[in-house]
Structures are given as C-alpha cells and as structure tokens.
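Here's the letter readout for the chains.
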Amino acid sequence: MTVSQTESPQADTQAIVKDDNTDNRHGAATTARQWQVLSQLQRNRWVGTTHVYEQLVLAGFDISLRTVQRDLNALAKRFPIEKNNANPQGWRWRDDAPLQSLPHMNLSQAVAFNMVEANLTQLLPPAILDELFPWFDLARRQLKNSKVTHSWIDRVRIEPATQPLIAPHVDLESKDNIYHALFYQMQIRACYTRSNKSEASEYILNPIAIIQRGVIIYMLATRTDDPEMIIRTFALHRFESVEILDTPSVTPEGFELDSYLDAGGMGFTHHLLSQLPDHGKNTQVELRFTKRAGKSLTESKLSVDQTVTDNDDDTLTIKATVNLTSQLVWWLRGFGKGLISAKPDLLYQAVLNKESVDSLR
C-alpha cells in the first residue's frame, strides 16, 4: 500500500496544511480529511476532483466539493502533487515524488481487504496472515462509519451451492505448521488418523498443495515411504500433530495443481465406477432429464463439449465428457425423478444404489 510523500510519516502528519479559515478546534478532522485526499491520488493517472470528493463522502466526511478543491490547492504547496488544465480538473502525484508506505488505505482497498479477511484467511499461511492482520484491522476501522459498509459489503455474500455444514475442528498448531511447511517447501512429520482407522499413524510427508472443498480443507502430499510418489489427500482436521522437518519437500515432476484438479483428482472414485477404464476419467456420459430438471444445464455446462438435444417427449438428452466420481453420483441423485436415465449403465446403477456414496476422504 503506497502513496507518494517527501518526508517521514511523522513530518507529513505535521506538514498537512490546514485551511486558513478552519478553526483550530477542527484541526484533527482537517488532518484526517486531507490525509484521505492524498490517499486518493495516483502517480501515473489523473484523478478528478469530483472523484476525490465522492470518495470522501462515501468515507463519511460531510464536506463540499469546494472544500476538496481548497484542500488540494493547499496540499500542493507542501506535497509533490500537480494538477492539469483539463475541465474537469485532475490531480496526481508528480513523477519525481518518492514512494513510502503510509498507515492509510482508501475505500476501494478497504473493501478488498475486508472481503479477503471474510473469505480467504483459511487458505493463507501464518507468514502472510501476520503481515495482513494490521491491514485487516485498518480496513475495518476505515469502513466502520462509511456508507460503503451498507452499499456493498452488507449486500454481498458467498453462498454454498450444497447443504451448509459446520466445519470440523482443526488443530491450529498443526494447521499453522502445515501451511508454514508448504510455504517454505519443507517436509513434515505428522500423526494422522485415516477415515477408516481409529488410531493415528505417523507419516513423513511432502506437502504439495492446499485445497478447500466446502468446509473441509485438504492437503495434497506424498509419503516418503511410497516409492511411487502417489499424490494423496489428507484432511486437515484429522491431523493430531505436525512437526516441521529441516529436509526440503519433493514435488512430483511435472505436477500442476490446475491440471490435477481438471483431471478429477479431488473427485474421489466411486467403488462401482472404479471398474471402468482409467477409473472413469474423461468418460462420455449421456443423461436424460425432464425438461424442467435439465434446464439449468443449458445455462451452466457440464463440459466444454456438452451437447443438448430437445426431445419430443418433453425431455432433454445431455451428452458430455466428465470424470465419473462420487461427487458426480451424489449430484445426480439430487435430481431425484428429474433424472430419467444415464449412461454408462454403471453410472446409473451407482445413482440408484441404495448404499451411501463413498464418504469424501
């Protein structure tokens, strides 16, 4: 977060000039306002006076456009800012203005930090979070009395597409050590309880990636006792303890997280579908829905090569290439009687099977 200045933050705080007509009793308010004015300006782009005024109003300042104009002209005497001759007039930091960090952020930045804190903190390592927490706090204070709080932040949410669940308890020390090891690419020694076991086992792991799926956070890793370096999934809430080792982690050659996910790496194989070639990866499916049930798939496709046929009997036939996974089976079951048939036959058999879908590891 940087804006231009010529002196130290302490000197600048004292240097921000006050309107000659402003009573000294309002000096602190004037300083805060002018600090906000400076934060709106950029180095390589002209910012209109009206835009600065609108941002200050959103921040809760009860001022006039004329006050902003006076502030800018006064600030230009002490700070390396300049104006152009355009109509409306624009302002910016001069090209020769040095850059230093200031303990301030504008409203757009405050909104961004607020949304990062609300949605991404579970996926950030401690090394980054420690640096961001002061900015999160600054963003909350910046938005506390701002109209933006009501016009945007209070009106935007991320809603899960599936049944909301309460996240399982995760040992925070284990999580921090996992994130630290992944960030610095180090191996870990972990006590981990597998889903089909009642007691924990000890593994030395090479952390590869972190993936959040719903409320569950998974780590992709390989075991050092596995000569084939198979990539496995480990749920963070099943770690009892984690120790960071001094040895560097090893990532399988050619591994790319996006390619791994696109290939269905987190789909989890269904026991019936594992009988298919390549465990059902990249398989052509043919799904027949009632027109009402299948309508959503005409808007959000299953795959790039998806085709939709509108049948005479008020049904839709959808063909697509997908990975056959437990997740797909679970999703298709949600259509109930809206799904009339499915091919391959093993897929439809899995959907109709009374047994529960394999639990996500």
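Sequence positions are assigned chain by chain, starting from 1 and proceeding in written order. Where local features are concerned, this predicted model is filtered to residues with pLDDT of at least 70; where side-chain atom pairs are given and counted, the filter is 80 or more; whole-chain, interface and lining totals use all residues. With hydrogens and water excluded, all non-hydrogen atoms of the structure serve as input to the side-chain values.

Undergrad: Quick question: what am I supposed to make of a negative patch on the surface here?
TA: Like-charged residues within 9 Å of one another, or nonpolar side chains (Val, Leu, Ile, Met, Phe, Trp, Tyr) within 5 Å, are grouped into patches, provided each residue has over 30% relative accessible area and no salt bridge. In short, Shrake-Rupley with a 1.4 Å probe defines the accessible areas, and a residue's cover is counted only from the protein chains shown. A side-chain nitrogen of Lys or Arg and a carboxyl oxygen of Asp or Glu constitute a salt bridge if their distance falls within 4 Å. A positive count includes Lys and Arg, and a negative count includes Asp and Glu. His and the chain ends are not counted in either. For the purpose of locating charges, the reference atoms are NZ of Lys, CZ of Arg, CG of Asp and CD of Glu. Taken together, the side chains of Asp130, Glu131, Glu173 and Asp176 present a region of like negative charge at the surface. Mapped onto the negative patch, the elements with two or more residues apiece are helix H6 (126–144) and helix H8 (172–184). Secondary-structure assignment places Glu173 in helix H8. Only DSSP runs of H or I covering at least 4 residues are called helices, and only runs of E covering at least 2 are called strands; the numbering of each starts at the N terminus.

Undergrad: Explain the nonpolar core here, please?
TA: Nonpolar side chains in soluble globular proteins tend to end up buried together. Definition used in this section: a nonpolar core is a set of buried Ala, Val, Leu, Ile, Met, Phe, Trp, Tyr and Cys residues joined via side-chain atoms within 4.5 Å. Burial classification: accessible surface area is computed with a 1.4 Å probe over protein chains only, and a residue below 20% of its type maximum counts as buried, one above 50% as exposed, and the rest as partly exposed. Formed by 27 residues in total, the largest nonpolar core has its most connected members in Ile178, Ile188, Leu205, Met219, Leu236 and Phe239. For this core, the elements supplying multiple residues, two or more each, are H8, strand S6 (186–192), strand S7 (201–213), strand S8 (216–223), strand S9 (232–235) and strand S10 (239–248). When checking whether two residues touch, look at their non-hydrogen atoms; a contact exists if any pair is within 4.5 Å. If sequence neighbours within four positions are ignored, Met219 has contacts with Ile178, Ile188, Leu205, Pro207, Ala209, Ile210, Arg232, Thr233, Phe234, Leu236 and Phe239. Counting residues in each nonpolar core, the second largest holds 20 residues, with Leu287, Ile318, Leu339 and Ala342 among its members.

Undergrad: How do you make sense of the packing of aromatic side chains when you look at a structure like this?
TA: We describe a pair of aromatic rings using the distance from one ring centre to the other and the angle between the two ring planes. Only Phe, Tyr and Trp rings take part, Trp by its six-membered ring, and two of them pair if their centres are within 6.5 Å. Stacked means planes under 30 degrees apart, edge-to-face means over 60, and tilted covers everything else. The final tally for this structure, using the stated rule, is 10 aromatic pairs. For the ring pair Tyr192 and Phe234, a centre distance of 5.0 Å and an interplane angle of 75° mean the geometry is edge-to-face. You can see Tyr192 sitting in strand S6 and its partner Phe234 sitting in strand S9, a full 42 residues away along the chain. Aromatic rings pair up to connect Tyr192, Tyr203, Phe234 and Phe239 into one cluster.

Undergrad: How should I be thinking about the confidence of the model for the chain in this particular structure?
TA: Note: predicted coordinates in regions of low pLDDT should not be interpreted at a detailed level. Within the chain, residue pLDDT values average 83, and 86% of them lie at 70 or more. Confidence of the predictor at the level of single residues is captured by pLDDT, which takes values from 0 to 100. Low pLDDT, under 50, characterises residues 356–361; the predicted model gives this stretch 19 contacts beyond four residues in sequence or across chains.

Undergrad: Whenever I open this one, the pattern of salt bridges confuses me. Can you help?
TA: For side chains of opposite charge, pairing can occur when their charged atoms come near one another. Under the criterion given, the structure shown has 12 salt bridges. Note that Arg288 is salt-bridged to Asp313, the shortest N-O span being 2.6 Å. Placement of Arg288 in strand S11 (residues 283–290) and of Asp313 in the loop between strand S12 (307–310) and strand S13 (315–322) is noted, with a sequence separation of 25 residues between them. Ionic pairing is found between Asp314 and Lys291, a salt bridge with its closest N-O pair at 3.5 Å. Of this pair, Asp314 sits in the loop between S12 and S13 while Lys291 sits in helix H10 (residues 291–294); the two residues are 23 residues apart in sequence, bridging distant segments of the chain.

Undergrad: How should I be thinking about the packing of H6 against H8 in this particular structure?
TA: Angle between the axes and distance between the axes: these two values describe a pair of packed helices. Following both chains from N to C, one finds H6 and H8 inclined at 100°, their axes separated by 8 Å at the closest point. When the interaxial angle is binned, H6 and H8 end up roughly perpendicular. Listed contacts from H8 to Pro126, Ala127 and Ile128 of H6 are Asp176, Tyr179, His180, Phe183 and Tyr184. The convention used is that axes are lines fitted to C-alpha atoms, helices contributing only their stretch in contact, and that angles between N-to-C directions extend from 0 to 180 degrees. Note that the term roughly parallel is reserved for angles under 35 degrees, roughly antiparallel for angles over 145, roughly perpendicular for angles of 65 to 115, and oblique for everything else.

Undergrad: Just to check I follow, could you spell out the packing of helix H5 (residues 107–119) against H6 for this structure?
TA: Close contact between H5 and H6 brings their axes to 8 Å; oriented N to C, the two are set at 120°. By the angle class used here, H5 and H6 are oblique. Taken as a pair, H5 and H6 cross one another with a handedness that is left-handed. Counting all contacts with H5, which are made through Leu107, Ala110, Val111, Phe113, Asn114, Val116 and Glu117, the residues of H6 involved are Leu132, Trp135, Phe136, Ala139, Arg140, Gln142 and Leu143. Across the contact of H5 with H6, the residue classes tally to 10 nonpolar, two polar and two charged. By definition, any crossing whose near helix is turned counterclockwise from its far helix by less than a right angle is left-handed, and any crossing with a clockwise turn is right-handed. Gly is placed with the polar residues, together with every amino acid not listed as nonpolar (Ala, Val, Leu, Ile, Met, Phe, Trp, Tyr, Cys and Pro) or charged (Asp, Glu, Lys and Arg).

Undergrad: Sorry if this is basic, but what is going on with the environment of Leu58 here?
TA: If you trace the backbone, Leu58 turns up in helix H3 (residues 49–58). For Leu58 and Thr149, which are 91 residues apart along the polypeptide, the C-alpha to C-alpha distance reads 9.3 Å.

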